[in-house]
Amino acid sequence: MLVIVVENVPPRLRGRLAVWLIEIRAGVYVGDLSAKVREMIWSQVEQGLEEGNAVMVWSTNTESGFDFLTLGKNRRLPVELDGLKLVSFFPPDEADSSASPSGKGPG
Amino acid sequence: MLPPLKPIAMKERVSMVFIEKGQIDVKDGAFVVIDETGIRTHIPVGSIACIMLEPGTRVSHHAAALAARAGTLLVWVGEAGVRLYAAGQPGGARSDRLLYQAKLALDDDARLKVVRKMYEIRFGEKPPERRSVEQLRGIEGARVRKLYQLLAKQAGVEWNGRNYDYTQWDNSDTANRCLSSATACLYGICEAAILAAGYAPAIGFIHTGKPLSFVYDIADLFKFDDIVPHAFKIAAKNYPNLEREVRLMCRDVFRQSKILRKIIPTIEEVLAAGELEVPKPAEENIAPAIPNAEGIGDVGHRS
């Protein structure tokens, strides 16, 4: 299972994602693809993101049963607590300063 | 309106999460940790077996109530995961289970059978016939000491015996510290499972006299399979952040061995070895006027 959610991205990226995935709600794409295809799609999201932001989540054999990656500025950033990946929600004013465009969360 | 919150079964949960610092509170009905800069992290409380609260955390009344409703054990742990105190999940919700466990512990024959079963599970062979619990404990102690020595040697760490002294944490050697951290994680999930199954953590069969005697009994059944060898491997590698490595290891081991699926069935198996019937309520007892609601949690969860 693979889910990609995009916000504020150019229509051409949304169209591109719809090539492989089903858009079940605005900006929410679902599919079931291999790791290789997933990486290919993610690299395209990276290239077409511009000012927007994106998150990709897929089933894998972590303890939670899934893993996720983020790109772009968002108030929600991944944090890792001793091997368990959770999400921190930043206050509005700090979102700009703390959010790293690389999508790698603090800690 | 949303329906009331109910616990989910232990086997469907993630093993544990350690919270280091911050104010733990409820926001919009969700369990959150808020740090001093206002960053809030949502903890999926209902899909975790136990939440380990380290020094530097403050828990609101509302958050503790939410954890209880989700059937999640809150464990207050000290520096490096050595337990100080634990509470949070309302256990003992099943009088029939408690009476069954107490009956087994009080009946000498049944208790011996349970202890023999524990011995069998741990060492993979039936213990010698006609031994008392006392003698079995002696045999077990000797085997465990040898096992520690063997596993330490395999991992290549120095081993001078298990040193439990929690008052002198810094004095213990690396191997002992790794073991203590790892077993603290194991005790947390075992206690959560025991409570979720409706049993009492204090009524032990081999161990006795501690609030967590039964937790130690059950944890011992799993300890030597993966936890101890891996703890020694970490001790051998001399990591700068020992406790973190141990926790990552525990999470991996717990996931791979699917321990949360196994603990409750193992408890049932061990107790069934006592060959006693689950006690039926006396005829003059009054059944609940309002029947219990059906839940999707484990039997000991309040629904």
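Going by the structure above, here's the rest.
On a predicted model such as this, the values are computed, not experimentally measured, just so you know. (Residues numbered from 1 in each chain as written. Chains lettered and ligands numbered in written order. Predicted model: local features only at pLDDT ≥ 70, side-chain atom pairs only at ≥ 80, totals over all residues. Heavy atoms only, no water.)

*Asks:* When you look at the overall build of chain A in this model, what are you seeing that I'm missing?
*Replies:* The helix and strand tally for chain A stands at three helices and seven strands. Element order for chain A, N to C, with α for helix and β for strand: β-α-β-β-α-β-β-β-β-α. Taken across its 107 residues, chain A has 40% of its residues classed as buried. Across chain A, contacts joining residues at least 24 apart in sequence account for 41% of those joining residues at least 6 apart. Approximately 5,900 Å² of chain A is accessible, and the part contributed by carbon and sulfur atoms is 54%. (Helix = DSSP H or I, 4+ residues; strand = E, 2+ residues; numbered from the N terminus. Buried < 20%, exposed > 50% of the residue type's maximum accessible area, 1.4 Å probe, protein only. Contact = heavy atoms within 4.5 Å. Areas by Shrake-Rupley, 256 points an atom, 1.4 Å probe, with all protein chains shown as cover.)

*Asks:* How should I be thinking about the sheet that holds strand β6 (residues 76-81) of chain A in this particular structure?
*Replies:* Two modes of strand pairing occur in sheets, parallel and antiparallel, and in both the strands are linked by backbone hydrogen bonds. What the six strands build is an open sheet, ordered β6(A)-β7(A)-β4(B)-β3(B)-β2(B)-β6(B); its pairing is mixed. Of all the strands in the sheet, the pair left with one neighbour each is β6 of chain A together with β6 (57-59) of chain B. Neighbouring strand axes in the sheet, compared pairwise and without regard to direction, differ in orientation by 35 degrees on average. Strand direction decides the pairing type here: strand β7 (residues 84-89) of chain A and strand β4 (residues 40-42) of chain B, joined by three bridges, are antiparallel. In the strand pairing of β4 of chain B, Phe89 of chain A is matched with Arg40 of chain B. Across the sheet, helix α1 (residues 61-69) of chain B touches β2 (22-27), β3 (30-34) and β6 of chain B, and the angle it forms with β2 of chain B is around 65 degrees. (Pairing = 2+ DSSP bridges. Axes fitted to C-alpha atoms, helices over the stretch in contact; angles between N-to-C directions.)

*Asks:* Got a minute to help me understand the pattern of salt bridges in this structure?
*Replies:* For side chains of opposite charge, pairing can occur when their charged atoms come near one another. All names here are of chain B. This structure, assessed with the given rule, holds 19 salt bridges over all chains. With a shortest N-O distance of 3.5 Å, Glu269 and Lys117 are connected by a salt bridge. Of this pair, Glu269 sits in helix α8 (residues 259-272) while Lys117 sits in helix α3 (residues 108-123), and the two are 152 residues apart along the sequence. On the basis of relative accessibility, which here comes to 19%, the residue Lys117 falls in the buried class. In this structure, the salt-bridge partner of Arg143 is Glu125, at a minimum N-O distance of 2.9 Å. (Salt bridge = Lys/Arg side-chain N within 4 Å of Asp/Glu carboxyl O.)

*Asks:* Before we go on, may I ask you to explain the interface of chain B and chain A in this structure?
*Replies:* Accessible area lost upon the coming together of the parts serves often as the stated size of an interface. In this assembly, 20 residues from chain B lie in contact with 17 residues from chain A. Across the interface of chain B and chain A, roughly 1,600 Å² is buried in total on both sides, 55% from carbon and sulfur atoms. Three residues stand out in chain B for area buried against chain A, namely Ile39, Arg251 and Arg255 of chain B, and they jointly supply 32% of the buried area on that side. Counting every contact that joins chain B to chain A gives three salt bridges. Between Glu63 of chain A and Arg251 of chain B there is a salt bridge; the shortest N-O distance is 2.7 Å. Taken together, the elements giving at least two residues each to the side of chain B that touches chain A come down to β1 (14-19), β4 and α7 (242-257) of chain B. Looking at the side of chain B that touches chain A, the element that brings in the most residues is α7 of chain B, giving six residues. Residues belonging to the side of chain B that touches chain A are distributed by class as follows: 10 nonpolar, five polar and five charged. (Buried area = accessible area lost by both parts, 1.4 Å probe. Nonpolar A, V, L, I, M, F, W, Y, C, P; charged D, E, K, R; others polar.)

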